[in-house]
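Residues per chain are reported as follows:
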Amino acid sequence: MQSIIASPGRYIQGKNALEDLCTHAGKLGKSLFVLVSKSGKGRVEQAVARSAAAAGCTVEYAIFNGECSKGEIDRLGKLYKASGCQVVIGIGGGKILDTAKAVAHYHGVPVVIVPTIASTDAPCSALSVIYTEEGAFQEYLFLPSSPNLVLVDTEIVASAPVRLLVAGMGDALATYFEARACVRSDSGNCVGGKATLAAAALAELCYNTLLENGFAAKLAVEQTVCTKAVEAVIEANTLLSGLGFESAGLAGAHAIHNGLTALEETHAMYHGEKVAFGTLVQLVLENATDDIETVLHFCREIDLPVTLGQLGVDKIDPARLMEVATLACAETDTMGNLPFAVTAEDVYAAILSADALGKAFL
């Protein structure tokens, strides 16, 4: 198997970058189909209009209904086809971005990704996570190419609630440990190859950037200001984690996240918050004691969950927890990328152990 690294055609990050959206997107096509939430449209419409006027582009909006499901992708695909537009643009959070990528894929057109929050590593990836209409994980949709353009306006991201940036750090936290597991097991990555040295290095840089800047970035965003620490964490959450997970691979942490979606109590939690706990579970499975201590300290410092209770699971039902463990070990998921055999019983024990470690640490 060959080594492959994937990346967006272009990555742009900076303050007030949204003002230049259509200058960049217009190189792909002059008629733009913008997928956005109802509230998000109100926040970005004026800047997009100014950008479109300056670049000679036309814009048609479609409102996202809230879930990246097959039904929603089909609905928006029909609206896209009727619009006659040349380019799909997703502006918003991870599920909007994943939906935009899927719509563009099925219609064979360019896609531009504009995250307004740094809560996941979805923006740069050639991947859409498909959920059921009820919000439970269903499958990964692997796409043939990465987005044509990713544009991040750091002023917008810094003005979002701090919990979203922290959730993004939870998602990014897993990148290094999952990449390390895939390298050790010689597993494939998410783009049909093996990890390159560059991908492994980006994953490690992502982790180090979080440890060095995470707490300062959290404090800055609480004051709705964008500092160098915030810029560094946005890049870690978005670019470093996106390239790292996709080109080095996923393992236990995201498989645990997918298992946790079976518990309705966790649906109010963000993806990255569940991935952070999944990271702790993976480290328990690996018996990586030094890393466990570092991760616990980091999570407490920036307010990421380290117990089931913090994820909304106040009462532990053994049968339901075994359902989580079984789902996490599904053949179609990524638990098998750990460098040793893992059973549902192992995962069940690791979840309870991680929960106990988190309680003791707190």
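Structure first, text after, so check above.
What counts, and where the lines are drawn
Residues numbered from 1 in each chain as written. Predicted model: local features only at pLDDT ≥ 70, side-chain atom pairs only at ≥ 80, totals over all residues. Heavy atoms only, no water. Helix = DSSP H or I, 4+ residues; strand = E, 2+ residues; numbered from the N terminus. Expected span 1.5 Å × (residues − 1). Buried < 20%, exposed > 50% of the residue type's maximum accessible area, 1.4 Å probe, protein only. Arc of directions from axis to C-beta. Contact = heavy atoms within 4.5 Å. Core = buried A, V, L, I, M, F, W, Y, C linked by side-chain atoms within 4.5 Å. 1 Å grid on protein atoms, 1.4 Å probe; cavity = no way out; pocket = protein on both sides within 12 Å on 5 of 7 lines; lining within 4 Å. Points joined across faces, edges and corners; volume = space filled by probe spheres on them. Nonpolar A, V, L, I, M, F, W, Y, C, P; charged D, E, K, R; others polar. Pairing = 2+ DSSP bridges.

### Thoughts on helix 13 (residues 344-361)
Every α-helix carries 3.6 residues per turn, so stepping three or four residues along brings you back to the same face. Over its 18 residues, helix 13 extends 25 Å from the first C-alpha to the last, a length consistent with the 26 Å expected when each residue adds 1.5 Å. Restricting attention to buried positions, one finds in helix 13 the residues A344, V347, A350, I351, A354, D355 and G358. Viewed along the axis of helix 13, the buried residues span an arc of 135°, placing them on a single side of the element. More than 90 degrees from the buried face of helix 13, the exposed residues found are K359 and A360. Where the residues of helix 13 are buried, they touch helix 9 (252-260), helix 10 (271-286), helix 11 (289-302) and helix 12 (318-328).

### Quick word on the nonpolar core
With 88 residues, the main nonpolar core has M335, V347 and I351 as its most contacted residues. Sequence-distant contacts of V347, defined by excluding residues within four places in its chain, comprise I256, L285, A325, A328, C329, M335 and V342. Of all hydrophobic cores here, the second largest spans 22 residues; its members include V36, A47, C57 and L151.

### Some words on empty space enclosed by the protein
Counting across every chain of the model gives two cavities of 30 Å³ or more. Taken as a whole, the largest cavity encloses approximately 40 Å³ of empty space. Surrounding the largest cavity, L263, L308, V313, K315, I316, D317, R320 and L321 form its lining. Its residues assigned to classes, the lining of the largest cavity comprises five nonpolar, no polar and three charged. Counted as a void, the second largest cavity has a volume near 30 Å³. Lining of the second largest cavity is provided by G92, G93, G94, L97, P115, I117, S119, T120 and P123. Along the lines of polarity and charge, the residues of the lining of the second largest cavity split into four nonpolar, five polar and no charged.

### Side note on the pairing of strand 6 (residues 127-131)
Across the five residues that make up strand 6, a large majority, five, are buried. Side chains of strand 6 alternate between two faces, with L127, V129 and Y131 and S128 and I130 buried alike. Pairing analysis gives five bridges linking strand 6 to strand 7 (residues 137-142), with the strands arranged antiparallel. Paired with I130 across the two strands is E139, which belongs to strand 7.

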